[in-house]
Amino acid sequence: MQHQPCQPGIEKDMIPRPIYDNPCYKGSCKLEGKVALITGGDSGIGRATAIAYAKEGATVAINYLCDYEREDALETMNCVEQYGGKCKLYPGDICSERFCHQLVKQVVKDFGCIDILVNNAGVQFPRENFEEIPVEQLLTTYRVNIFPLFYLTQAAIPYMGCGSAIINTTSVTAYQGHVKLIDYSSTKGAVVSFTRSLSLAIVDRGIRVNAVAPGPIWTPLIVSSFSAKDVGKFGQDTPMKRAGQPFELAPTYVYLASEDSSYVTGQVLHVNGGTMVDS
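Residues numbered from 1 in each chain as written. Predicted model: local features only at pLDDT ≥ 70, side-chain atom pairs only at ≥ 80, totals over all residues. Heavy atoms only, no water.

Draft legend 1. The sheet that holds strand β4 (residues 116-119), seen in detail. Read across the open sheet, the seven strands follow the order β3-β2-β1-β4-β5-β6-β7; overall the sheet is parallel. Either end of the sheet is taken by a strand with one partner, and the two such strands are β3 (87-91) and β7 (268-271). Across the sheet, the axes of successive neighbouring strands diverge by a mean angle of 15°, strand direction being ignored. Contacting β1 (35-39), β2 (59-64) and β3, helix α3 (residues 97-111) crosses the sheet at an angle of about 160° to β3. Along the sheet, helix α10 (residues 250-257) makes contact with β4, β5 (165-169), β6 (208-214) and β7, crossing β6 at roughly 170°. (Pairing = 2+ DSSP bridges. Helix = DSSP H or I, 4+ residues; strand = E, 2+ residues; numbered from the N terminus. Axes fitted to C-alpha atoms, helices over the stretch in contact; angles between N-to-C directions. Contact = heavy atoms within 4.5 Å.)

See below:
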């Protein structure tokens with residue numbers, strides 16, 4: 001049981017710490033020479049994905065929000081570099097369309113291209129009653145969870161060639177719903193529709209668009225949004241009776257970024273501890 005007072009949460013302050021690296025995972029050059037831009041890459045699922053990408057030979061560009069997260073971001077960068085990967089940090093607010101375009105241009109300037117775009121950053125603000133969701137919370141949830149997918153993807157596509165991949169993080173709540181996360185769940189449903197529609201729109205360019213729908217995963221978002229009581233029983237309602245760890249999702253993001261999934265687009269892969277959903 002624990003709670004952090006504001007979002008985004010800090011991974012280094014979590015007890016126990018999320019497990020973001022699987023030392024038994026050995027890369028096989030699946031992403032050799034690729035450049036990946038990951039939003040929310042400082043911690044949680046984004047961190048685990050960055051590390052797995054580094055093991056597979058990718059260069060990683062990590063976006064995170066603010067100085068509050070810098071220590072987490074530096075830890076991620078250090079881990080990427082320990083595995084021999086190149087990594088650069090890009091702080092800034094992706095709610096700004098202008099910043100998103102600047103971010104993409106800077107990554108291209110630094111590394112020459114973008115082969116993989118992982119739209120992963122998100123927020124959630126649980127409310128006991130639907131009627132209590134204030135307009136400002138609703139706007140914030142959409143500004144963070146869905147608008148940047150449009151901004152960043154529009155900015156990145158001109159620099160992405162045939163064989164590139166866009167991977168969006170949705171959620172099991174898009175399929176199951178969540179009584180305390182109605183606005184969040186609706187944005188994650190929008191991510192599913194965005195993924196499917198965009199995949200059709202750019203399939204002729206050879207760019208694949210897919211998504212991952214995590215179940216309850218032990219990340220800073222959880223301890224910075226739910227109450228300590230809810231955190232204490234987080235994940236116990238899954239068939240596997242536990243929360244997932246970030247490293248357990250990372251291979252899914254590798255698969256969708258690599259040629260292993262060359263015939264996969266417009267799909268959502270579910271990593272949720274056994275929860276059955278209609279996809």
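Moving on, there is more to tell.
Draft legend 2. Representation of the environment of V135 in the model. Here V135 is to be found in helix α4 (residues 135-145). Residues V135 and A54 lie 81 residues apart in sequence; the distance between their C-alpha atoms is 40 Å.

Draft legend 3. Structural context of empty space enclosed by the protein. Applying the stated criterion across every chain yields a total of two cavities of 30 Å³ or more. Approximately 80 Å³ is the volume found for the largest cavity. If you go around the largest cavity, the residues you meet are Y20, D21, N22, Y25, A48, I51, A52, K55, F247, A250 and P251. If you list the elements that add at least two residues to the lining of the largest cavity, you get α1 (44-55) and α10. For the lining of the largest cavity, the leading source of residues is α1, giving four residues. Among the residues making up the lining of the largest cavity, the classes are represented as eight nonpolar, one polar and two charged. T39, I94, N119, N120, A121, V144, P148, L149 and L152 together form the lining of the second largest cavity. (1 Å grid on protein atoms, 1.4 Å probe; cavity = no way out; pocket = protein on both sides within 12 Å on 5 of 7 lines; lining within 4 Å. Points joined across faces, edges and corners; volume = space filled by probe spheres on them. Nonpolar A, V, L, I, M, F, W, Y, C, P; charged D, E, K, R; others polar.)

Draft legend 4. Structural context of the pattern of salt bridges. Evaluated as defined, the whole model comprises 13 salt bridges. K180 serves as the salt-bridge partner of E128, at 3.2 Å between the closest nitrogen and oxygen. Of this pair, E128 sits in the loop between β4 and α4 while K180 sits in the loop between α6 (173-176) and α7 (182-201); the two residues are 52 residues apart in sequence, bridging distant segments of the chain. The exposed category is assigned to E128, whose relative accessible area is 55%. Ionic pairing is found between R143 and E136, a salt bridge with its closest N-O pair at 3.1 Å. We classify R143 as partly exposed; its relative accessible area is 33%. For E136, a relative accessible area of 48% gives the class partly exposed. When salt bridges with common partners are traced through the structure, they connect E11, R17, R47, D72 and E75 into a single cluster. (Salt bridge = Lys/Arg side-chain N within 4 Å of Asp/Glu carboxyl O. Buried < 20%, exposed > 50% of the residue type's maximum accessible area, 1.4 Å probe, protein only.)

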